[in-house]
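Each chain, letter by letter, is given below.
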Amino acid sequence: MAADHDHGAWTGWKARAYALFHRNPAASRGVVDWAQLQPDMQILDIGCGSGAAVIAAAPLLSDGAAFGVDPSPDFVRMAGRRARRLSNVAFEVAAAEQLPFPDQRFDVAWSVHATHHWDDLTKGFIETRRVLRPGGRFLIVERHDGDRSWGITSEQAQELSNTMADNGFVNAAVEERKAGRSQEFLISGEKSADD
Ligand SMILES: C[S@@+](CC[C@H](N)C(=O)[O-])C[C@H]1O[C@@H](n2cnc3c(N)ncnc32)[C@H](O)[C@@H]1O
């Protein structure tokens, strides 16, 4: 399904090293808090890596479920292994630009430290909006890292918010929040209630 996406950078030793040393547990817990989950919600993590945010969300979703997609089969395998005791989570190999879910399937979709890797932001945002229910929320977390390659600048955060608005999300906004030792952008938008 995601075979035409270049996930090569996130396979093999690089995926294993990232999962061990750079799982960003504070940002994963952060997005779970910032999403203000209700127990019956259906959640989608786009670019879930080894599953940290999905696994953190699972205990709060006693009547709901959390799904993670990532184009890297290695990450999806790792996430599945880590979550093997959880009955309300599932992972699938897929990319933002082609989500394997029906329309209006989710209450909240988020993407943590991943949108700057997506192949095509516009396609990804259109897909995200499609799988959200009317009124559903889309949260992007990206590290505020100036010109370093693993984060984005304030201008880039504003561009992400503008791209959300251009692709039909309402109430698009940019905030800065602290997660552990790092400063994070929280870029949020909603699918309109009458969309
Ligand atoms: C820096 S890692 C972050 C992983 C995870 N969200 C975390 O916080 O630990 C970036 C992730 O984006 C994923 N990615 C790359 N291209 C993507 C795309 N087109 N759609 C969705 N995810 C993508 C990579 O496979 C990788 O897992």
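Residues numbered from 1 in each chain as written. Predicted model: local features only at pLDDT ≥ 70, side-chain atom pairs only at ≥ 80, totals over all residues.

Undergrad: Now, about the pairing of strand β7 (residues 182–191): what can you tell me, with residues and values included?
TA: When you tally the buried positions in β7, you get seven out of ten residues, the bulk of the element. For strand β5 (residues 132–143) and β7, the ladder comprises seven bridges, and the chain directions are antiparallel. Each residue of the ladder has a partner; that of arginine 137, found in β7, is glutamate 190. The hairpin formed by strand β6 (residues 169–179) and β7 contains two residues between the paired strands, and glycine 180 there has a positive phi angle of roughly 60°. (Buried ≥ 20, exposed ≤ 12 C-beta atoms within 10 Å, placed from the backbone. Helix = DSSP H or I, 4+ residues; strand = E, 2+ residues; numbered from the N terminus. Pairing = 2+ DSSP bridges.)

Undergrad: Could you give an account of helix α2 (residues 25–34), naming the residues involved and the relevant values?
TA: By the burial criterion, the buried members of α2 are Ala27, Ser28, Gly30, Val31, Val32 and Trp34. Those residues of α2 hidden inside the fold are in contact with α3 (52–57), β4 (106–112), β5, β6 and β7. Phi for glutamine 36, located one or two positions after α2, is positive at around 45°. (Contact = placed C-beta atoms within 7 Å.)

Undergrad: Lay out the site of the ligand in plain terms, naming residues and giving numbers.
TA: For the ligand, the set of nearby residues contains 25 residues, the closest of which are Gly47, Gly49, Ala96, Ala114 and His117. Its residues assigned to classes, the shell around the ligand comprises twelve nonpolar, nine polar and four charged. (Near = placed C-beta within 6 Å. Nonpolar A, V, L, I, M, F, W, Y, C, P; charged D, E, K, R; others polar.)

Undergrad: Let's hear about the environment of valine 54: which residues, and what values?
TA: As for its position among the elements, valine 54 is in helix α3. A tally of 30 C-beta atoms within 10 Å means that valine 54 is categorised as buried. Between the alpha carbons of valine 54 and alanine 65 there is a distance of 9.1 Å; along the sequence they are eleven residues apart. Leave out the neighbours within four places in its chain, and valine 54 touches Asp45, Cys48, Ala66, Gly68, Ala79, Ala83 and Val89.

Undergrad: Describe unusual backbone geometry, and please don't skip the residues or the numbers.
TA: Its identity is not glycine, yet glutamine 36 carries a phi of approximately 45°, on the positive side. As for its placement among the helices and strands, glutamine 36 is situated in the loop between α2 and β1 (42–46). On the neighbour-count criterion, glutamine 36 (10 C-beta atoms within 10 Å) is exposed. Residue asparagine 171 is not a glycine yet carries a positive backbone phi of 55°.

Undergrad: Break down the nonpolar core for me, citing the residues and quoting the values.
TA: Ranked by size, the top nonpolar core spans 53 residues in total, and within it Val31, Ala53, Val54 and Ala109 carry the most contacts. When sequence neighbours within four positions are dropped, the list of residues in contact with alanine 53 reads Ser28, Val31, Val32, Asp45, Cys48, Trp110 and Val112. (Core = buried A, V, L, I, M, F, W, Y, C linked by C-beta atoms within 7 Å.)

Undergrad: Help me get a handle on the environment of valine 174, residues and values and all.
TA: Mapping valine 174 onto the fold places it in strand β6. According to the C-beta neighbour criterion, valine 174 is partly exposed, with 18 such atoms within 10 Å. For the pair valine 174 and serine 188, spaced 14 residues apart in the sequence, the C-alpha separation amounts to 6.6 Å. Beyond its immediate stretch of four places on either side in the chain, valine 174 contacts Ala157, Gln158, Ser161, Phe185 and Ile187.

Undergrad: So what about the confidence of the model for the protein chain? Which residues, and what values?
TA: The predicted model of the protein chain averages 91 in pLDDT, with 91% of residues at 70 or higher. Contacts from residues 1–5, a stretch scored under 50 in pLDDT, to residues over four places away or in other chains number twelve contacts. (pLDDT = per-residue confidence, 0-100.)

Undergrad: Can you break down the sheet that holds β6 residue by residue, with the values?
TA: Taken in spatial order, the seven strands make up an open sheet running β3-β2-β1-β4-β5-β7-β6, and their pairing is mixed. Both outer strands of the open sheet, β3 (89–93) and β6, are each paired with one neighbouring strand and no more. This sheet shows a mean twist of 20° between the axes of neighbouring strands, independent of strand direction. Bridging between β1 and strand β2 (residues 65–70) involves five bridges; their strand directions are parallel. By the bridge assignment for β2, isoleucine 43 is matched with alanine 66. (Axes fitted to C-alpha atoms, helices over the stretch in contact; angles between N-to-C directions.)

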